[in-house]
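# Structural features, examined
One letter stands for each residue in the lines below.
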Amino acid sequence: MVAMEQQIEQKYEQLGGILRSMGKVVVAFSGGVDSAFLLKAALEYLGKDNVLAITADSETYPEREKYEAIELAKELGAHHEVIHTSELNIPGYAENPTNRCYFCKNSLFDHLIPIAEARGYVNVVFGAIADDLGEHRPGLQAAHEQGVRAPLLEAGIKKSEIRHLSRKFGLRTWDKPSFACLSSRIPYGEMITAHKLSMIDQAEDFLIQLGFRQVRVRQHDTLARIEVPASELAEVLAVADTVHAKLKEIGYAYVTLDLKGYRSGSLNEVLAPEQQSIKAVAGLS
């Protein structure tokens, strides 16, 4: 246990060295576990006046997440701005190809890099982590192409280690459920629309209000496939009538519960194995 703690501390010190070498940074800040931890580290190692957190508000980003990001940045004492973007206006995005996240991240960096350059910030950084190398993450390719840095990934820091240090540092995001944009609830090849995103947002918000923290509503045409941790399946069934009625009201014709439970990126399960790893494509192997 002591050796593990020392290893984590060494990684955090390595992260500090990476950040200090950058001088001034713009942090792509979603308010999630990873970007909150990255922002905290950047503030500690670089100082408040050398860090700017920017949150992109769009159709794929729930209102509750935006307001939480605003509150988190305030708690951390960071300079913070919210900019408005629209993934649906990006050519090729709404068609929902398997590399959809490439278009999203590429557009995000297209917004952040000019801001950084205009204000004298040397680098744009985002919260990719070591775990991402083994998953389908086209956004890493966009970052590689645009010269955007991922300090947590460079330091080899994993999600479990981020949660451990976040708890130690008193960050309330230490046990926050994983989050991904609302477009990730729609199967590849199915058109993404503002209406679909709104339905998903309403459905997930309702389930969160019922007390389910880690939840996904995957939308398959007019069918909603609910994912919660396997240990909570019985709890959903206990309020099945209430959930069914609300999701029908939102616009779903059918409401189902995934018996395998929640798993990150479940819509990637249909991809061929070579599409599920981004290491070689991103130049990060």
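Here the residue numbers are simple positions, counted from 1 along each chain's written sequence. Local features in a predicted model are, by the rule used here, given only for residues with pLDDT of at least 70; side-chain atom pairs are given and counted only at 80 or more, and totals for whole chains, interfaces and linings are based on all residues. Note that the side-chain values use all heavy atoms of the structure and ignore hydrogens as well as water.

Going by an unreviewed UniProt entry, the protein chain carries the name Pyridinium-3,5-bisthiocarboxylic acid mononucleotide synthase and comes from Paenibacillus solanacearum.

## Section: the state of the cysteines
Throughout this description, disulfide means a covalent bond between two cysteine sulfur atoms. Count a disulfide wherever a pair of cysteine sulfur atoms falls within 2.5 Å. Following the criterion strictly, the structure yields zero disulfides and no others. Its sulfur unpaired, C104 is 5.7 Å from the next cysteine sulfur, which belongs to C181. You can call C104 buried: its relative accessible area is 16%. Note on exposure labels: buried denotes an accessible area under 20% of the residue type's maximum, exposed denotes more than 50%, and partly exposed covers the range between, all computed with a 1.4 Å probe on protein chains only.

## Thoughts on the packing of aromatic side chains
In summary, the pairing rule links any two rings of Phe, Tyr or Trp, Trp by its six-membered ring, whose centres are within 6.5 Å, and it sorts them by plane angle into stacked for under 30 degrees, edge-to-face for over 60 and tilted for everything else. Considering all chains together, one arrives at six aromatic pairs under this definition. An angle of 80° between the planes, with centres 5.9 Å apart, marks the rings of Y102 and F103 as edge-to-face. When its relative accessible area of 22% is taken as the criterion, F103 is described as partly exposed. Measuring from ring centre to ring centre gives 5.4 Å for F109 and F126, while their planes differ by 70°; the resulting arrangement is edge-to-face. In this pair, F109 sits in helix α4 (residues 100-119) while F126 sits in the loop between β4 (123-125) and α5 (139-146), placing the two residues 17 residues apart along the sequence. Neither residue differs from the other here; F109 and F126 are each classed as buried. Charge-over-ring contacts are defined here by two conditions on Lys NZ or Arg CZ: a distance within 6 Å of the ring centre and an angle within 35 degrees of the ring normal. A cation sits over an aromatic face here: K40 above F169, 4.0 Å from the ring centre. Directly above the aromatic system of W174 lies the positively charged group of R167, at a separation of 4.3 Å from the ring centroid. For helices the rule is a DSSP run of H or I covering at least 4 residues; for strands it is a run of E covering at least 2, with both sets numbered from the N terminus onward.

## Describing the environment of G127
If you trace the backbone, G127 turns up in the loop between β4 and α5. We classify G127 as buried; its relative accessible area is 17%. Between the C-alpha atoms of G127 and I250, which are 123 residues apart in sequence, the distance is 33 Å. Any two residues whose heavy atoms approach within 4.5 Å at even a single point are treated as in contact. With sequence-adjacent residues up to four places away left out, G127 is seen in contact with D34, L38 and L152.

## Concerning the sheet that holds strand β5 (residues 216-220)
Pairing between strands requires that DSSP locate at least two bridges from one strand to the other. Across the sheet, which stays open at both edges, the three strands sit in the order β5-β6-β7 with mixed pairing between neighbours. Of all the strands in the sheet, the pair left with one neighbour each is β5 and β7 (254-257). Here the strands of the sheet are splayed against their neighbours by 25° on average, with no regard to which way each runs. Pairing analysis gives five bridges linking β5 to strand β6 (residues 223-227), with the strands arranged antiparallel. Fitting a line to C-alpha atoms yields each axis, with helices limited to the stretch in contact; the angle taken between N-to-C directions then spans 0 to 180 degrees.

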